[in-house]
Amino acid sequence: GGAMAAIFFSEHHLGQPPRTYLSGQHRDRLMPFVPLLRDLVRRSPNYYVALLVLDVLELCTDVRLFDLVLESTEAWVTNFAGNVDFWVNHAIGRRVCTLLRAINVEDPPLLATAPDRAKRVGAVLAALVSCGVSEAALLEKEFAGMFWRK
């Protein structure tokens, strides 16, 4: 736990969730580590890593981290398909939706100009809706009016 927490710029204390020691002002310093973090998430898409990566991403919301958010969520959807405990009870789904919304607010053209990304986000949101993540249903409707018009 402690070694993985250190890689994700976090502190690990027994019996407590990990906490990042970064702040929003560290965004630029985080960017060189994104490929490493992405690889770790891909190799180990588990609950603890989800907590670690979400903690960092929530403090450093940045459009440059969008691919890390999306790829992490896709890995978790694969690993935790239909797992209500992971997505709802541990609030992973709510936290992902909050990040997707925040990044879209920061850079609205991000999805509007990238149909492949918008399609992947749509698939992720559909998976979260099927698990009962209410925030995903709301975000799906919000994004539908922006990106998925017929």
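Structural data are supplied above this passage.
Predicted model, so just to flag it, every value in this text is computed and none were measured.

## Focus: unusual backbone geometry
Phi at Ala 91 takes a positive value of approximately 65 degrees, unusual for a residue other than glycine. When you line up the elements, Ala 91 lands in the loop between α6 (84-89) and α7 (92-106).

## Section: the nonpolar core
The biggest cluster of nonpolar side chains holds 40 residues, and the ones touching the most others in it are Trp 76, Trp 87 and Ile 92. Of all the secondary structure elements, the ones that give two or more residues to this core are α3 (34-43), α4 (47-59), α5 (66-79), α6, α7, α8 (109-112), α9 (115-130) and α10 (134-146). Sort the elements by how many residues they give to this core and α5 lands first, with seven residues. Beyond its immediate chain neighbours, meaning those up to four positions away, Trp 76 contacts Val 41, Pro 45, Asn 46, Ala 50, Val 53, Leu 54, Ala 81, Phe 86, Trp 87, Ile 92 and Val 96.

## Remarks on the packing of aromatic side chains
Aromatic ring pairs: the centre-centre distance and the angle between the two ring planes describe each pair. Under the definition given, this model contains four aromatic pairs. Consider the rings of Tyr 47 and Phe 86, whose centres lie 6.3 Å apart with planes at 75 degrees: the pair is edge-to-face. Taken together, the residues span a long stretch of sequence, with Tyr 47 in helix α4 and Phe 86 in helix α6 at a distance of 39 residues. The partly exposed category is assigned to Tyr 47, whose relative accessible area is 30%. According to the relative accessible area criterion, Phe 86 is buried, its value standing at 3%.

What counts and what doesn't
- Residues numbered from 1 in each chain as written.
- Predicted model: local features only at pLDDT ≥ 70, side-chain atom pairs only at ≥ 80, totals over all residues.
- Heavy atoms only, no water.
- Helix = DSSP H or I, 4+ residues; strand = E, 2+ residues; numbered from the N terminus.
- Core = buried A, V, L, I, M, F, W, Y, C linked by side-chain atoms within 4.5 Å.
- Buried < 20%, exposed > 50% of the residue type's maximum accessible area, 1.4 Å probe, protein only.
- Contact = heavy atoms within 4.5 Å.
- Phe/Tyr/Trp six-rings, centres within 6.5 Å; stacked < 30°, edge-to-face > 60°.

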